[in-house]
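Residue-level listing of the chains:
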Amino acid sequence: MEELLLAWYGASGRDLPWRRTRDPYAILVSEVMLQQTQVERVVPRYLAWLARWPTPAAHAAASAADVIREWQGLGYNRRALSLHRAAIMVAEEGWPNDLTRLPGVGPYTAAAIRNFAFSEDVLPVDVNVERVQRRTGHVFTGAAAQALMDLGATVCVARVPRCGCCPLEDVCPSRGTRDEPRRKQSPFEGSFRQRRASVLRHVAARPRPLGDCDGEAVRSLERDGLVVVEAGVVRLPA
Ligand code: SF4
């Protein structure tokens, strides 16, 4: 089954910029951005990020304020600070054997770096990979990681899989079945996340008087280290 999948990937795989590198820092940046942001939105931001900070040392030397500003629009801004702290750690100590010691790096991201940067035979299992393995009943090797991600994102999609154009159609026991709809992510519009994003965007442009800001959102951002409040003024951390 894996050979069928890899043959399909060779012909139909997506050409994504982080697939053209084995640089662990570049892979880390892409994986952290992809954690909660769609591929199409990540591509230009990933390229801009690496053009500005091509190495962990360059990124580590940046201010937290610049890192937060560069992250604007990608959402879930705590990822920016975690990535910054990870770059500082790598710049000072090198890459740890246990990559989950890096801030913001869980087992999935660690497995992705080990596979895509260090060529280890580990399979990073995200929702797409989990779904394809569950439906096919097959356990794939690390060599199939990128192919599984593409199949899960474009063919073996969540609700109604496109089995008619799937390379595994003839060998898949789930062909023609579909999953029950899952509960959708709560809407961003009108949410507390949106209020936080709005405050952070204003403060990223320039410091603001606390009285002009959404106080509850400011307190939440302050707890996450994304803003500081001093003498009644809200600003980005230094
Ligand atoms: S045949 Fe259908 S269910 Fe099976 S892997 Fe392909 S798209 Fe998914």
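Residues numbered from 1 in each chain as written. Predicted model: local features only at pLDDT ≥ 70, side-chain atom pairs only at ≥ 80, totals over all residues.

Asks: It is not clear to me how the domain arrangement of the protein should be interpreted in this structure. Could you clarify?
Replies: Where interface size is quoted, it is often the accessible area lost as the parts come together. Partitioning the protein into domains gives domain 1 (23–116) and domain 2 (192–235). Taken together, the contact pairs six residues of domain 1 with six residues of domain 2. Sorting the residues of the side of domain 1 that touches domain 2 by element identifies helix 5 (64–71) and helix 6 (78–93) as the ones contributing at least two each. When its residues are assigned to classes, the side of domain 1 that touches domain 2 shows two nonpolar, two polar and two charged. (Domains from an automatic or database assignment. Contact = placed C-beta atoms within 7 Å. Helix = DSSP H or I, 4+ residues; strand = E, 2+ residues; numbered from the N terminus. Nonpolar A, V, L, I, M, F, W, Y, C, P; charged D, E, K, R; others polar.)

Asks: What should I look at first to understand helix 8 (residues 127–136) in this one?
Replies: Along an α-helix, residues three or four positions apart point the same way, because every turn accommodates 3.6 residues. Residues of helix 8 that are buried: Val129, Arg131, Val132, Arg135 and Thr136. Mapping the buried residues of helix 8 onto a view down its axis gives an arc of 160°, with all of them on the same face. For helix 8, exposure combined with an orientation more than 90 degrees from the buried face picks out Glu130 and Arg134. The elements touched by buried residues of helix 8 are helix 9 (145–154). Positive phi appears at Gly137, one or two residues downstream of helix 8, with a value of about 70°. (Buried ≥ 20, exposed ≤ 12 C-beta atoms within 10 Å, placed from the backbone. Arc of directions from axis to C-beta.)

Asks: Could you clarify how one ought to interpret the site of the ligand in this entry?
Replies: Around the ligand lies a shell of 14 residues, among which Cys156, Pro161, Cys163, Cys166 and Cys172 are the nearest. Residue composition of the shell around the ligand, by class: eight nonpolar, two polar and four charged. (Near = placed C-beta within 6 Å.)

Asks: Just checking my understanding: could you explain the packing of helix 1 (residues 2–12) against helix 9 for this structure?
Replies: Relative placement of two packed helices is described by the angle separating their axes and the distance separating the axes. Relative orientation of the contacting elements helix 1 and helix 9 amounts to 75°, with a least axis distance of 9 Å. As judged from the angle between their axes, helix 1 and helix 9 are roughly perpendicular. For the pair helix 1 and helix 9, contact is made by Leu5, Leu6 and Tyr9 and by Gln146, Ala147, Asp150 and Leu151, respectively. Of the residues assigned to the contact of helix 1 with helix 9, the class counts are five nonpolar, one polar and one charged. (Axes fitted to C-alpha atoms, helices over the stretch in contact; angles between N-to-C directions. Parallel < 35°, antiparallel > 145°, perpendicular 65-115°, else oblique.)

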